[in-house]
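Here is what each chain is made of, one letter per residue.
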Amino acid sequence: MLAGARAAWEWRTIDAELAELLEEEQLAMRSVLNTVTLSAGDIFIDVDRHDAAAGTTHLVGQVTAPTPLRRVMVETTARGGARIPAEIDVLGGFRADVPSEGALRVVVELTDGRTIVGTWLPA
């Protein structure tokens, strides 16, 4: 019974789509500007990072999707794997202040029930 419960827990996010980086060459060019574009089917996530106060990065993004956003979270490997909620607007924009150290990824939940999990982006 315990093994079945563990297996169910591991598969809880199986329906999440993994957003992948668009074109490696584009990433190489745009990473200088601290901007990355992720794609998962008909959904695009633009993420822009700027240094803020000491130890903090200001993350600003835009989600282009056929349905509205329900929630945007930023996961980070810093501070024991924190999940930081982002402020979102009605046009799909979001922003959050995250730790400067560690990798991060964006998790987008849409009102149609889909969850998009971005790839890990280095610090």
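Each value, and the rule that gives it
Residues numbered from 1 in each chain as written. Predicted model: local features only at pLDDT ≥ 70, side-chain atom pairs only at ≥ 80, totals over all residues. Heavy atoms only, no water. Helix = DSSP H or I, 4+ residues; strand = E, 2+ residues; numbered from the N terminus. Buried < 20%, exposed > 50% of the residue type's maximum accessible area, 1.4 Å probe, protein only. Contact = heavy atoms within 4.5 Å. Areas by Shrake-Rupley, 256 points an atom, 1.4 Å probe, with all protein chains shown as cover. Salt bridge = Lys/Arg side-chain N within 4 Å of Asp/Glu carboxyl O. Pairing = 2+ DSSP bridges. Core = buried A, V, L, I, M, F, W, Y, C linked by side-chain atoms within 4.5 Å. Polar contact = N/O pair within 3.5 Å; in protein donor to acceptor, adjacent residues only side chain to side chain. pLDDT = per-residue confidence, 0-100.

As a further point, take the overall build of the protein chain. If you tally the helices and strands in the protein chain, you get two helices and ten strands. For the protein chain, the residues scored as buried account for 36% of the 123 residues in total. In the protein chain, the share of contacts with a sequence separation of at least 24, taken over all contacts with a separation of at least 6, comes to 47%. Accessible surface computed for the protein chain: about 7,400 Å², of which carbon and sulfur atoms make up 57%.

Here we take up the pattern of salt bridges. Applying the stated criterion across every chain, the model contains seven salt bridges. For the salt bridge of arginine 71 with glutamate 109, the shortest nitrogen-to-oxygen distance reads 3.0 Å. Taken together, the residues span a long stretch of sequence, with arginine 71 in strand β5 (residues 69–76) and glutamate 109 in strand β9 (residues 104–110) at a distance of 38 residues. The class for glutamate 109 is buried, based on a relative accessible area of 12%.

Counting buried positions along strand β2 (residues 35–40) yields six of six residues, so the element is predominantly enclosed. Burial along β2 is two-sided: Thr35, Thr37 and Ser39 facing one way and Val36, Leu38 and Ala40 facing the other are all buried. Hairpin connection, β2 to strand β3 (residues 43–51): the antiparallel pair is bridged by two residues, and glycine 41 has positive phi, about 65°.

Moving on, we get to the pairing of β5. Where burial is concerned, most of β5 is hidden: six out of the eight residues are buried. Note that β5 and β9 share seven bridges and pair antiparallel. Bridging from a neighbouring strand, methionine 73 pairs with valine 107 of β9. Looking at chain direction, β5 and strand β6 (residues 83–85) are connected through three bridges and run antiparallel.

Judged by nonpolar contacts, the single largest core of 23 residues is most densely connected at Ile45, Val63, Val72, Phe94, Val106, Val108 and Ile116. Where this core is concerned, the elements lending two or more residues are β2, β3, β4 (56–64), β5, β8 (93–99) and β9. Ranked by the residues each element gives to this core, the list is headed by β9, at four residues. Excluding residues that lie within four positions of it along the chain, valine 63 makes contacts with Ile43, Phe44, Ile45, Leu69, Leu91, Gly92, Phe94 and Val108.

Note on placement: glutamate 75 falls in strand β5. Within the local environment of glutamate 75, its side chain forms a polar contact with the side chain of arginine 83, the two groups lying 3.2 Å apart. Beyond its immediate stretch of four places on either side in the chain, glutamate 75 contacts Ala82, Arg83, Ala103, Leu104, Arg105, Val107 and Trp120.

Here the protein chain shows a mean pLDDT of 83. Residues at 70 or above account for 82%. Across the protein chain, element-level confidence peaks in strand β7 (residues 87–88) with a mean pLDDT of 96 and bottoms out in helix α2 (residues 24–30) with 44. Within the model, pLDDT remains below 50 along residues 23–32, and this stretch shows seven contacts once partners closer than five positions in the same chain are excluded.

Before going further, it helps to examine unusual backbone geometry. In this structure, arginine 79 is a non-glycine residue whose phi angle is positive, near 55°. Note on placement: arginine 79 falls in the loop between β5 and β6.

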